[in-house]
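Below are the chains, spelled out letter by letter.
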Amino acid sequence: MKGRFFIQTFGCQMNVHDSEYMAFLLEANGYRQTNNPKEANIILLNTCAVRQKAEEKVYSLLGRLKPLKKKRPEVIIGVTGCVAQKEGQRILERMPHVDLVLGTHQFYRIAEFIETVKRERQQVCCTEFNYQLEPPQRVIPLPRQSQVRAYVTIMQGCNNFCTYCIVPYVRGREISRKSQDVIEEVKRLLDMGIKEVILLGQNVNSYGKDRKGEISFAELLRRIDKLPGLKRLRFITSHPKDISEELIQAFGELESLCEYIHLPAQSGSDRILKLMNRKYTRSEYLRKIEALRKVRPNLAISTDLIVGFPGETEEDFKQTLSLLKEVEYDTIFAFKYSDRPPAKAVNFKGKIPEDVKKERLEELLEFQAPITQRKNQALEGKVVEVLLDTNSKRGNQLSGRTRCHRVVNVAAPKQLIGQIVQVKIEEALAHSLRGRIIN
Ligand code: SF4
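Residues numbered from 1 in each chain as written. Predicted model: local features only at pLDDT ≥ 70, side-chain atom pairs only at ≥ 80, totals over all residues. Heavy atoms only, no water.

(A) Highlighting the overall build of the protein chain. What the protein chain contains, in helices and strands, is 14 helices and 19 strands. Taking 439 residues into account, the globule formula puts the C-alpha radius of gyration at 22 Å, and the protein chain, at 22 Å, falls close to it. Seen along its three principal axes, the alpha-carbon backbone of the protein chain occupies a region of about 60 × 55 × 50 Å. Looking at the protein chain as shown, the accessible area adds up to about 19,800 Å², and 50% of this sits on carbon and sulfur atoms. On the protein chain, the mean spot of the 72 positive side-chain charges and the mean spot of the 54 negative ones are 3 Å from each other. (Helix = DSSP H or I, 4+ residues; strand = E, 2+ residues; numbered from the N terminus. Rg over C-alpha atoms; globule rule 2.2 N^0.38 Å. Areas by Shrake-Rupley, 256 points an atom, 1.4 Å probe, with all protein chains shown as cover. Lys, Arg positive; Asp, Glu negative; His and termini not counted. Charge placed at Lys NZ, Arg CZ, Asp CG, Glu CD.)

See below:
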């Protein structure tokens, strides 16, 4: 064994998946993973730059690693992911105890760069975008977090340039993987006993458009749905403008495709949607939801919302509230706008004061809470299918997810992890459900 590595992951599922991939590569190169940074020879922070706060956290954690590096100078400290891509060399200047900075198109070279740092004992920074290679440059790592559910990256990057968003700058333009490679990867995961597959990408429903002759996203779902052994299929994240007729039909027809979609609205005001460059209007968004619900009446829908976008008036904000009322989301993820240079909105006039953003965020969450509660309560007394995946935080209970992505806790022995069971819901709590296995 060459040494131990520790990876701390920030941000989205895409990063979790990238960290798993780096761990796989390091292990293939003779290193072992540890959960204790104190015993690690390599400490990696796989970072998220989507919000200012997440970036600040990375710098603060790096600062806290300084004494450790002083005490054990042989430890390699590396930063990967979106903050690495955005900040590049600046990280090495601000934090001279950092050895390695690797951008979003380079993390698959982690083992090679670790050896370079060891050999040359100098700081290394590589943040080039590489569009020539097949993304992601990977053999299949075994899923580490769960033996039940696996994430499969089908594309990376984004071409949309929403004016608040840093993703196209730090992840680069859209590149889809070959459908054949994706399908092969899913097949191998199913052979390993995986029951639920989640297709990942910044904008999954524009899958294939960058690749001549490639199949559409809906067709990819159809082909994966046919694979033997697959029980559940999901995807994140989709852009409302790219929800096609064909994809809506797939929701009506594909058995494995779960009754859940995350469809980020961001605002309920057409004026703000235009300023955000979202390329859909409120009514177009609502029409897509209506069409989806028509083919899947029990479809659970979640969304992302931003409050306090530059220029957002009280009236605009009220329209976002009214969107919540109209759609009745199952759950929402809401955030205060923050400047993310070089995204365009950084230069927009009409910045909203912090206290107003805070008030609007609180109001929005309070407005949604009873809607979520009502939707959860509607499941009380019903029997739902649950895929048990982990030990619950509470003693002898297991946790699992319904097809509509709700967390359900049940009293059950560990041996049932990985099983699909029928559960009668007895109680709806604020963020989860409690039930009893009936089969
Ligand atoms: S669609 Fe918009 S919000 Fe989503 S990653 Fe692309 S630019 Fe960012």
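(B) Representation of the pairing of strand β4 (residues 76-81) within the structure. In terms of residue burial, β4 counts as a mostly covered element, since six of its six residues are buried. One ladder, built from six bridges, connects strand β3 (residues 42-47) with β4; its direction is parallel. From the neighbouring strand, T47 faces β4, where its bridge partner is G81. (Buried < 20%, exposed > 50% of the residue type's maximum accessible area, 1.4 Å probe, protein only. Pairing = 2+ DSSP bridges.)

(C) Just the environment of H97, in detail. With respect to the element layout, H97 can be found in the loop between α5 (89-94) and β5 (100-102). On the basis of relative accessible area, H97 is assigned to the buried category, the value being 9%. With 28 residues separating them in the primary sequence, H97 and K69 have C-alpha atoms 6.7 Å apart. A distance of 2.7 Å separates the side chain of H97 from the backbone oxygen of L62, its partner in a polar contact. (Polar contact = N/O pair within 3.5 Å; in protein donor to acceptor, adjacent residues only side chain to side chain.)

(D) Region of the structure containing the sheet that holds β3. Strands sit in the order β2-β1-β3-β4-β5-β6 across an open sheet of six strands; the sheet is parallel. Strands at the two margins of the open sheet, each flanked by one partner only, are β2 (31-33) and β6 (124-126). Mean inter-strand twist for the sheet, computed between neighbouring axes without regard to direction, equals 20°. One ladder, built from three bridges, connects strand β1 (residues 3-9) with β2; its direction is parallel. The residue bridging G3 from the neighbouring strand is Y31, located in β2. Seen against the sheet, helix α1 (residues 13-28) touches β1, β2, β3 and β4 and runs at an angle of roughly 175° to β1. (Axes fitted to C-alpha atoms, helices over the stretch in contact; angles between N-to-C directions. Contact = heavy atoms within 4.5 Å.)

(E) Region of interest: the nonpolar core. The biggest cluster of nonpolar side chains holds 54 residues, and the ones touching the most others in it are L199, F217, L220, I224 and F235. Two domains each put at least three residues into this core: domain 2 (131-258) and domain 3 (270-377). Core analysis: the next-biggest nonpolar cluster, separate from the first, contains 27 residues, C48, L62, A84 and M95 among them. (Core = buried A, V, L, I, M, F, W, Y, C linked by side-chain atoms within 4.5 Å. Domains from an automatic or database assignment.)

(F) Layout of the packing of aromatic side chains. Here the structure, examined in full by the defined rule, presents eight aromatic pairs. With a centroid separation of 5.3 Å and 85° between ring planes, the pair formed by F161 and Y169 is classed as edge-to-face. Taken together, the ring pairs in this structure connect Y164, F309, Y337 and F348 into an aromatic cluster. Positioned above the aromatic ring of F335, the side-chain terminus of R51 is 3.6 Å from the ring centre. One Lys or Arg, R94, reaches over the ring of Y59 and ends 3.6 Å from the middle of that ring. (Phe/Tyr/Trp six-rings, centres within 6.5 Å; stacked < 30°, edge-to-face > 60°. Lys NZ or Arg CZ within 6 Å of the ring centre and 35° of its normal.)

(G) A look at helix α10 (residues 245-253). Every buried residue belonging to α10 is among L247, I248, A250 and F251, and all of these are buried. Within α10, the buried residues cover an arc of 155° as seen down the axis, which keeps them to one side. Of the surrounding elements, those touching the buried residues of α10 are α9 (217-225), β11 (232-236), β12 (260-262) and α12 (282-295). (Arc of directions from axis to C-beta.)

(H) Spatial organisation of the packing of α9 against α10. Relative to each other, α9 and α10 sit at 25°, their axes nearing to 8 Å. The pairing of α9 with α10 is recorded here as roughly parallel in orientation. The two elements α9 and α10 meet at a crossing, and its hand is left-handed. Taken together, the residues of α10 that come into contact with α9 (itself represented by F217, A218, E219, L221 and R222) are E246, L247, Q249, A250 and E253. Residues that form the contact of α9 with α10 fall into these classes: five nonpolar, one polar and four charged. (Parallel < 35°, antiparallel > 145°, perpendicular 65-115°, else oblique. Left-handed = near helix turned anticlockwise from the far one by under 90°. Nonpolar A, V, L, I, M, F, W, Y, C, P; charged D, E, K, R; others polar.)

(I) Focus on the packing of α1 against helix α6 (residues 110-120). At a closest axis distance of 8 Å, the pairing of α1 and α6 adopts a crossing angle of 60°. In this view, α1 runs oblique relative to α6, as classed from their interaxial angle. Facing α1, whose interface residues are M22, L25 and L26, α6 presents I110, A111 and I114.

(J) Region of the structure containing the environment of K351. Take K351: it is sitting in the loop between β14 (331-336) and α14 (354-377). We classify K351 as partly exposed; its relative accessible area is 37%. Separated by 43 residues in sequence, K351 and G308 have C-alpha atoms that sit 7.7 Å apart. Beyond its immediate sequence surroundings of up to four residues, K351 is in contact with P310, Y337, D339, A345 and V346. Side chain to side chain, K351 and D339 meet in a polar contact 3.3 Å long.

(K) Focus on a negative patch on the surface. Residues D355, E359, E363 and E366 make up a contiguous surface patch of negative charge. With respect to the secondary-structure elements, E359 resides in helix α14. (Patch = residues over 30% accessible without salt bridge, like charges linked within 9 Å, V, L, I, M, F, W, Y side chains within 5 Å. Salt bridge = Lys/Arg side-chain N within 4 Å of Asp/Glu carboxyl O.)

(L) A look at the domain arrangement of the protein chain. We note that the domain assignment places domain 1 (3-126), domain 2 (131-258), domain 3 (270-377) and domain 4 (383-437) within the protein chain. Put simply, the middle of domain 1 and the middle of domain 2, counted by C-alpha atoms, are 26 Å apart.

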